[in-house]
Amino acid sequence: MLHTKAAALIAGLLLVAFAAAPAEAQEPPESAICRKAAIATLKAETDHSPLKDVKLDLDSLTVAKSKGDIEGIKVTTVLIGQATIQRESSDEPHTFLCLLGENDKVLLTFFTKR
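Residues numbered from 1 in each chain as written. Predicted model: local features only at pLDDT ≥ 70, side-chain atom pairs only at ≥ 80, totals over all residues. Heavy atoms only, no water.

## A short note on the environment of A32
Summarising the element assignment, A32 is placed in helix α2 (residues 29-44). In sequence terms A32 and L56 are 24 residues apart; their C-alpha atoms lie 9.2 Å from each other. (Helix = DSSP H or I, 4+ residues; strand = E, 2+ residues; numbered from the N terminus.)

## Concerning the pattern of salt bridges
Summed over all chains, the structure comprises five salt bridges. Between E27 and R35 there is a salt bridge, with the nearest N and O atoms lying 4.0 Å from each other. Judged by its relative accessible area of 37%, E27 is partly exposed. The network of salt bridges with common partners includes E27, R35, D53 and K55. (Salt bridge = Lys/Arg side-chain N within 4 Å of Asp/Glu carboxyl O. Buried < 20%, exposed > 50% of the residue type's maximum accessible area, 1.4 Å probe, protein only.)

On their own, these measurements won't tell you what the molecule is for.
Set out below in structure tokens:
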């Protein structure tokens, strides 16, 4: 009888704990670095309406470690996922690619329309 009550109590506590706080994806530090670089690059463009933000879909984001190089420049991390470029006039969905080198230096940020 005691085991049944303990099991019911534990199950109830777990249900409350998981129902009370839905899991939110934590932004990996690499994606924050890439997002910041992408915003700076997009703000430098003058042929679009002013940029409001870049939102990365963390659920679609893949962060992969790499041992590759491009013409002698080491690529340590590759990020790819879905992103939304938010401008004053519209929100545009894109696929986002970012390459990081040594010391988390951004080598490339790239957006392509879906």
